[in-house]
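# Fold and geometry: a report
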Amino acid sequence: MKNINKIKLSKSATIKEALKVIGEGAIKLAIVVDDNDRLIGTLSDGDIRRGLLEGLGLNNPIKSLIVKEPIVIKNNELKEKILKLAISKKIHHIPVVDDKGALIKLEEVNYPEIPDKKNNKVILMVGGLGTRLGNLTKNTPKPMLKVGDKSILQTIVERFTNYGYTNITMCLNYKSHIIQDYFGDGSKFGINLDYILEKERLGTAGALSLIKENPVDPFFVMNGDILTDANIEDIHNSYVSSNADALMCVREYNYQVPYGVVETSNNAIASIEEKPTQKFFVNAGIYMLSPKVLEYIPQNEFFNMTTLFEKLIDKDMNVISYPLNGYWLDIGRFEEFKRANDDFDQVF
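Residues numbered from 1 in each chain as written. Predicted model: local features only at pLDDT ≥ 70, side-chain atom pairs only at ≥ 80, totals over all residues. Heavy atoms only, no water.

### Re the sheet that holds strand E2 (residues 29-33)
Here we have three strands laid out as an open sheet, ordered E1-E2-E3, and mixed in their pairing. Two strands bound the open sheet, and with one partner strand each, they are strand E1 (8-10) and strand E3 (39-44). Within the sheet, the average angular offset between the axes of one strand and its neighbour, ignoring direction, is 35°. Where E1 and E2 come together, three bridges link them in parallel fashion. Within E2, the residue paired with Lys-8 across the bridge is Ile-31. Here helix H1 (residues 15-25) sits on the sheet and contacts E1, E2 and E3; the angle it forms with E1, its principal contact strand, is near 170°. (Pairing = 2+ DSSP bridges. Helix = DSSP H or I, 4+ residues; strand = E, 2+ residues; numbered from the N terminus. Axes fitted to C-alpha atoms, helices over the stretch in contact; angles between N-to-C directions. Contact = heavy atoms within 4.5 Å.)

### A short note on the environment of Asp-34
Along the chain, the position of Asp-34 falls in the loop between E2 and E3. Look at Asp-34 and you get buried, because its relative accessible area is 18%. Considering only alpha carbons, one finds Asp-34 and Ser-10, 24 residues apart in sequence, at a separation of 6.1 Å. One polar contact links the side chain of Asp-34 to the main-chain amide nitrogen of Arg-38, over a distance of 2.8 Å. (Buried < 20%, exposed > 50% of the residue type's maximum accessible area, 1.4 Å probe, protein only. Polar contact = N/O pair within 3.5 Å; in protein donor to acceptor, adjacent residues only side chain to side chain.)

### So, the packing of H1 against helix H2 (residues 45-53)
For the pair H1 and H2, the least separation of the axes is 10 Å and the interaxial angle reads 150°. The orientation of H1 with respect to H2, classified from their angle, is roughly antiparallel. With respect to the hand of their crossing, H1 and H2 are arranged in left-handed fashion. Across from Ile-15, Ala-18, Leu-19 and Ile-22 in H1, the residues of H2 making contact are Asp-45, Ile-48 and Leu-52. In terms of residue class, the contact of H1 with H2 is made up of six nonpolar, no polar and one charged. (Parallel < 35°, antiparallel > 145°, perpendicular 65-115°, else oblique. Left-handed = near helix turned anticlockwise from the far one by under 90°. Nonpolar A, V, L, I, M, F, W, Y, C, P; charged D, E, K, R; others polar.)

### So, the sheet that holds strand E5 (residues 93-97)
What the three strands build is an open sheet, ordered E4-E5-E6; its pairing is mixed. The open sheet terminates on both sides in strands that have one partner only, identified here as strand E4 (73-74) and strand E6 (103-108). Pairing analysis gives two bridges linking E4 to E5, with the strands arranged parallel. Its bridge partner lying in E5, Ile-73 is registered against Val-96. In this fold helix H3 (residues 79-89) packs onto E4, E5 and E6, with an angle of close to 135° to the strand it touches most, E5.

### Quick notes on the pattern of salt bridges
For side chains bearing opposite charge, pairing can occur when the charged atoms are close. Applying the stated criterion across every chain, the model contains 14 salt bridges. A salt bridge links Asp-34 to Arg-38; the nearest nitrogen and oxygen atoms lie 3.2 Å apart. Here Asp-245 makes a salt bridge to Lys-292, at a shortest N to O gap of 3.0 Å. One end of the pair, Asp-245, is in the loop between helix H6 (232-241) and strand E14 (246-256); the other, Lys-292, is in the loop between strand E17 (277-289) and helix H7 (305-314), with 47 residues separating them in the sequence. For Asp-245, a relative accessible area of 11% puts it in the buried group. You can call Lys-292 partly exposed: its relative accessible area is 43%. Look at the salt bridges and you will find they share partners, linking Asp-45, Asp-47, Arg-49, Arg-50 and Asp-234 into a network. (Salt bridge = Lys/Arg side-chain N within 4 Å of Asp/Glu carboxyl O.)

### Examining unusual backbone geometry
Even without being glycine, Lys-175 reaches a positive phi, approximately 50°. Structurally, the position occupied by Lys-175 is in the loop between strand E10 (165-172) and helix H5 (176-183). Take Lys-175: its relative accessible area is 26%, and that puts it in the partly exposed class. Positive phi values are uncommon outside glycine, yet Lys-275 reaches one of about 45°.

### Some points on the packing of helix H4 (residues 152-161) against H5
Taken N-terminus to C-terminus, the directions of H4 and H5 make an angle of 50°; their axes are 12 Å apart at the nearest point. Compared by their axis directions, H4 and H5 come out oblique. The handedness of the crossing between H4 and H5 comes out as right-handed. Here Leu-153, Gln-154 and Val-157 of H4 lie close against H5, whose contacting residues are Ile-179, Tyr-182 and Phe-183.

What follows is the structure, encoded as structure tokens:
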């Protein structure tokens, strides 16, 4: 049972306040109540993400995003009934209310969940040299570095398989035999695995030109040095619901200017802002693509994913973003590698 006070929101809360509650609650869910603590609805990180993609800002109210008829149970329901309901709806947390609809607690239901198998291919870019990590990657490809009790790459593979994505291709270059020796044909990890070997480094998208058989369905591409708790299925659903040709996961990045920023007009000072924080969305290294975009990738040439997206935008194709609000870490330097190990047990 979760401490519901940490995940409760009032109906007048803003999206920014909701993100804080959901982030701190660790279950990606908030419970919305009225002034008398009666349940109004629920709000997930996916609900907020869809609102942001529709143009809502952080200071907008959550009212339009609330799921107003959530699945609930009455207090003292039989555990067998609760378990059956949770399994049938594929949920792990159910609000418990009294006869007047007031929220009592949030019931956590644990059960072995078997995901539906997906046909969509996952292509993992794991050929990088990892030179910024120095001696750590002298004898080991970066995706095979251990974070926690397993390699970065194994954690990525397990993240996809947890959502039913088991058709995986790995694009290899640096010390490729180490990855192949460990994963083999993928059977011991419950996946269908094949490999693409880059004889020369081809960038973050160039290896897609070497695919033996073009995918029929939309497919994922992900860099092999990223740790995230992103909801893979929700990314897929956003792609489908937007009728997209290409989706790029993005991450908010804040940069504080270390000086006072001065705005002028005809040499007159109009305003001064002391050390303002600039906010940007940056490429998070996770994508979902239509098979038809492969025709824009040159054969066996160095080619980056950002260049591909620029081409697709120029062609007026439907290119969308997906903001990642949970845990995300690009392990490029020793500082990130250390942080990943510090975070691993808590996040994964």
